[in-house]
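Notes for the structure review
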2 protein chains.
Amino acid sequence: MTCIVNHVSSATARNSARTSASACGLRERKKRRTRDSLVTAALELFRAKGYEHTTVREITDAVEVSERTFFRYFANKEDLVMSFVVAAAEAFTVELRRRPASERPVDALRNAMRAAALTLAPEDIEREQMAYALAMHLIEATPALLAAQLMVGQNLTEQLIAIMAEREGVDPVTDPRPTIIATVFCGLMGAAGQVWRGDGDLAARTTLADRYLAELVPTFTEPWQ
Amino acid sequence: MTCIVNHVSSATARNSARTSASACGLRERKKRRTRDSLVTAALELFRAKGYEHTTVREITDAVEVSERTFFRYFANKEDLVMSFVVAAAEAFTVELRRRPASERPVDALRNAMRAAALTLAPEDIEREQMAYALAMHLIEATPALLAAQLMVGQNLTEQLIAIMAEREGVDPVTDPRPTIIATVFCGLMGAAGQVWRGDGDLAARTTLADRYLAELVPTFTEPWQ
DNA sequence: GAGATTCTGTCACCCAATGACAGATGACCA
DNA sequence: TGGTCATCTGTCATTGGGTGACAGAATCTC
């Protein structure tokens with residue numbers, strides 16, 4: 001029986017080392033182990049020396065694998081840090097698809113955001129949460145990582161357009177509303193994330209994003225006095 | 001008397017070869033000439049072979065300068081294409097600062113967008129416009145360029161936050177409205193640009209962005225039926 | 001035309017990333 | 001248990017983007 005878990009390429013499953021279905025063969029376990037080692041070693045080096053001043057070689061030396069192996073696990077250096085962002089984005093889309101059709105579009109998005117924030121938190125409390133916060137700080141300090149994160153946001157926006165269009169039964173090509181709501185929501189989430197940047201608790205970010213959403217309409221309709 | 005024009009590093013002035021103030025010294029004229037040659041040769045090669053399949057070496061060979069010189073004119077390969085996007089962004093902020101204080105925030109942004117679109121068009125009709133359209137197509141087809149463009153958008157957003165905050169006399173740190181309006185506006189402009197992507201006339205893009213802005217509030221307040 | 005600036009080419013070098021190939025290591029079945 | 005197949009890994013060679021340092025050429029200023 002072949003292990004399927006990794007074939008679906010879920011960043012969520014890949015990043016959290018302890019998934020019940022993870023131990024289904026020596027080969028798969030080894031792969032996960034070296035991947036985790038690479039991530040751990042890389043984050044530690046990035047934290048100590050900075051992202052740009054850390055070479056792939058240094059990371060692979062710390063784990064005792066070849067450079068070539070690194071690029072078999074990660075498309076490029078940025079991809080390692082991005083895996084955390086991608087995992088968060090995936091958690092979000094998963095939650096969004098679960099929202100009942102009765103909810104208004106905005107509420108579905110807001111509630112999915114809240115639910116996803118809780119998904120990331122459970123039990124991994126120490127290790128995973130610290131890693132995520134570090135990733136955010138690295139992104140903040142590194143232009144190349146910021147650009148990569150914006151690309152993830154771009155992909156997420158396109159997914160949201162599709163999901164919202166299907167959810168509400170409209171054509172995303174002729175109807176501008178899926179594009180509008182996806183773009184605005186991703187943009188505001190990004191803005192909230194930029195202000196937040198890993199400091200304090202995860203809830204603070206969603207709270208800020210909520211505030212942005214609440215003040216969105218007045219900002220455009222009311223005079224600013 | 002020293003030429004100042006290029007020291008302010010205005011991408012708008014840099015990109016359009018024919019500015020009245022441009023001819024103020026042999027050295028400056030030569031620099032502009034090689035820069036223009038590099039852009040022209042690069043765009044032609046990109047068009048023919050694609051961005052990623054064109055090496056910097058090929059560009060510099062076509063202009064008969066050294067590779068090193070290329071990187072003295074452009075921070076990196078992407079920067080050459082981005083100069084067009086940056087020029088457009090600068091034209092936009094210039095127009096925005098010119099808008100009267102009496103206009104509502106949204107209207108100032110919308111009118112600045114319209115004005116900037118006209119700024120880009122005049123007289124250069126053939127050469128400059130074709131180049132801009134080509135740059136857009138390259139961005140669309142090349143992930144690395146898309147990422148770079150998103151970074152430009154990010155910078156623009158931050159400028160807009162500052163400009164709008166100053167304009168309306170609010171504190172951008174405590175008041176979320178500058179952040180909201182800048183983020184949403186840039187996001188929707190980007191979305192419009194993505195649908196448009198250099199095909200047809202420039203006006204079509206601003207028209208689409210206008211439509212997004214018009215439907216923004218209803219999208220969030222009204223049910224989608 | 002002398003001297004200070006600035007631009008350019010050359011050279012050496014670092015690092016990220018990829019293709020190709022061979023050997024090691026699990027997976028699976030008889 | 002052993003053999004076969006699939007997959008993972010290391011090694012090697014190579015490409016291409018990007019940078020620092022230095023010397024020489026061109027331009028500017030007086």
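See the structure printed just above.
To start, this report covers the structure provided alongside it. In this text, all values refer to a predicted model and were calculated from it rather than measured experimentally.

**A few points about the pattern of salt bridges**
- Applying the stated rule across the entire model yields 24 salt bridges over all chains.
- With its nearest N and O atoms 2.7 Å apart, the salt bridge here joins Glu-44 of chain A to Arg-47 of chain A. With a gap of 3 residues between them, Glu-44 of chain A and Arg-47 of chain A both fall in helix H2 (residues 26-49), about one helical turn apart.
- When its relative accessible area of 41% is taken as the criterion, Glu-44 of chain A is described as partly exposed.
- Between Arg-57 of chain B and Asp-61 of chain B there is a salt bridge, with its nearest N and O atoms 3.2 Å apart. Highlighted residues: Arg-57 of chain B and Asp-61 of chain B, both in helix H3 (residues 56-63), separated by 4 residues, approximately one helical turn.
- Via salt bridges that share partners, Arg-104, Asp-107, Arg-110, Arg-114 and Asp-210 of chain A belong to a single interconnected network.

**Comments concerning the layout of surface pockets**
- One number sums up the size of the second largest pocket: a volume of about 880 Å³.
- Every residue lining the second largest pocket is counted, 37 residues in all, and those nearest its centre are Ala-147 and Ala-148 of chain A together with Ala-144, Ala-147 and Ala-148 of chain B.
- Ranked by residue count, the leading element in the lining of the second largest pocket is helix H8 (residues 143-168) of chain A, at 9 residues.
- Each residue belonging to the lining of the second largest pocket can be placed in one class, and the counts come to 21 nonpolar, 8 polar and 8 charged.

**Brief notes about the protein's contact with DNA strand D**
- Near DNA strand D there are 24 residues, and of these Thr-69 and Arg-72 of chain A together with Leu-26, Arg-27 and Lys-30 of chain B occur at the shortest range.
- Each atom of DNA strand D within 4 Å of the protein was assigned to sugar, phosphate or base; sugar and phosphate come to 59%.
- In this structure, a phosphate oxygen belonging to DNA strand D sits 2.6 Å away from a side-chain N or O atom of Lys-30 of chain B.
- Here the element with the most residues in the surface near DNA strand D is helix H4 (residues 67-73) of chain A; it accounts for 4 residues.
- Of the residues assigned to the surface near DNA strand D, the class counts are 7 nonpolar, 7 polar and 10 charged.

**Details of the environment of Ala-42 of chain A**
All names here are of chain A.
- For Ala-42, the location among the structural elements is in helix H2.
- Assessed through its relative accessible area of 0%, Ala-42 is described here as buried.
- Sequence separation between Ala-42 and Thr-55 is 13 residues, and the spatial gap between their C-alpha atoms is 9.3 Å.

**What to know about unusual backbone geometry**
- A positive phi angle, close to 60°, is found at Glu-64 of chain A, a residue other than glycine.
- For Glu-64 of chain A, the position within the fold is in the loop between helix H3 (56-63) and H4.
- Positive phi outside glycine occurs at Gln-225 of chain B, with the angle close to 45°.
- Looking at Gln-225 of chain B, the relative accessible area reads 83%, which means it is exposed.

**Topic: the interface of chain B and chain A**
- Listed per partner, the contact involves 37 residues of chain B and 38 residues of chain A.
- Interface area, chain B with chain A, both sides summed: about 3600 Å², of which 75% is carbon and sulfur.
- Contact with chain A buries area across many residues of chain B, yet Arg-177, Phe-220 and Trp-224 of chain B alone supply 25% of it, more than any other trio.
- Summed over the shared surface of chain B and chain A, the result is 0 salt bridges.
- Run the count over chain B and chain A and you get 6 residue pairs in polar contact (both at pLDDT 80 or more).
- Put simply, the parts of the chain that give the side of chain B that touches chain A at least two residues each are helix H6 (105-120), helix H8 (143-168), helix H9 (177-196) and helix H10 (202-221) of chain B.
- When grouped by side-chain class, the residues that make up the side of chain B that touches chain A number 23 nonpolar, 8 polar and 6 charged.

**Quick notes on the relation of the copies chain B and chain A**
- Overlay of chain B on chain A (RMSD 0.1 Å): rotation 180°, translation along the axis 0.0 Å. Look at the turn and shift together and you get a two-fold axis relating the two.
- Taken together, the interface assignments show that 100% of the residues at the interface of chain B recur at the interface of chain A, consistent with an identical surface on both copies.

Cut-off values and rules
- Residue numbers run consecutively from 1 along every chain, following the written order of its sequence.
- Chain letters and ligand numbers both follow the written order, the letters beginning at A and the numbers at 1.
- This being a predicted model, a pLDDT of at least 70 is required before a residue's local features are given, and a value of 80 or more before pairs of side-chain atoms are given or counted; all residues contribute to the totals for chains, interfaces and linings.
- Side-chain numbers here rest on the full set of heavy atoms in the structure, without hydrogens or water.
- Salt-bridge detection follows one rule: a side-chain nitrogen of Lys or Arg within 4 Å of a carboxyl oxygen of Asp or Glu.
- Numbering of helices and strands runs from the N terminus, with a helix taken as a DSSP run of H or I at least four residues long and a strand as a DSSP run of E at least two residues long.
- Exposure categories follow from relative accessible area, calculated using a 1.4 Å probe and restricted to protein chains: below 20% of the type maximum is buried, above 50% is exposed, and the middle band is partly exposed.
- In this analysis the probe radius is 1.4 Å and the grid spacing 1 Å, with only protein atoms considered; a cavity is a set of points the probe fits into but cannot get out of, a pocket is an open set with protein on both sides within 12 Å along at least five of seven lines, and lining residues have an atom within 4 Å of a point.
- Grid points are joined across faces, edges and corners, and a volume is the space filled by probe spheres set on the points.
- By the convention adopted, Pro, Cys, Tyr, Trp, Phe, Met, Ile, Leu, Val and Ala count as nonpolar, Lys, Arg, Asp and Glu as charged, and the other residues, Gly among them, as polar.
- Only heavy atoms are used to decide nearness, and a residue is near a molecule or strand if one of them lies within 4 Å of it.
- Contacts described as polar in this section are N or O atom pairs within 3.5 Å, which, within protein, must combine one atom able to donate a hydrogen with one able to accept it, while residues neighboring in sequence count only if both atoms come from side chains.
- The criterion used for residue contact is that any of the two residues' heavy atoms lie within 4.5 Å.
- Buried area counts how much accessible surface, traced with a 1.4 Å probe, disappears from two parts once they are put together, with both parts' losses summed.
- Alignment of copies: least-squares fit on C-alpha atoms of residues with pLDDT of at least 70 in both copies.

By themselves, these figures tell us nothing about what the structure is for.
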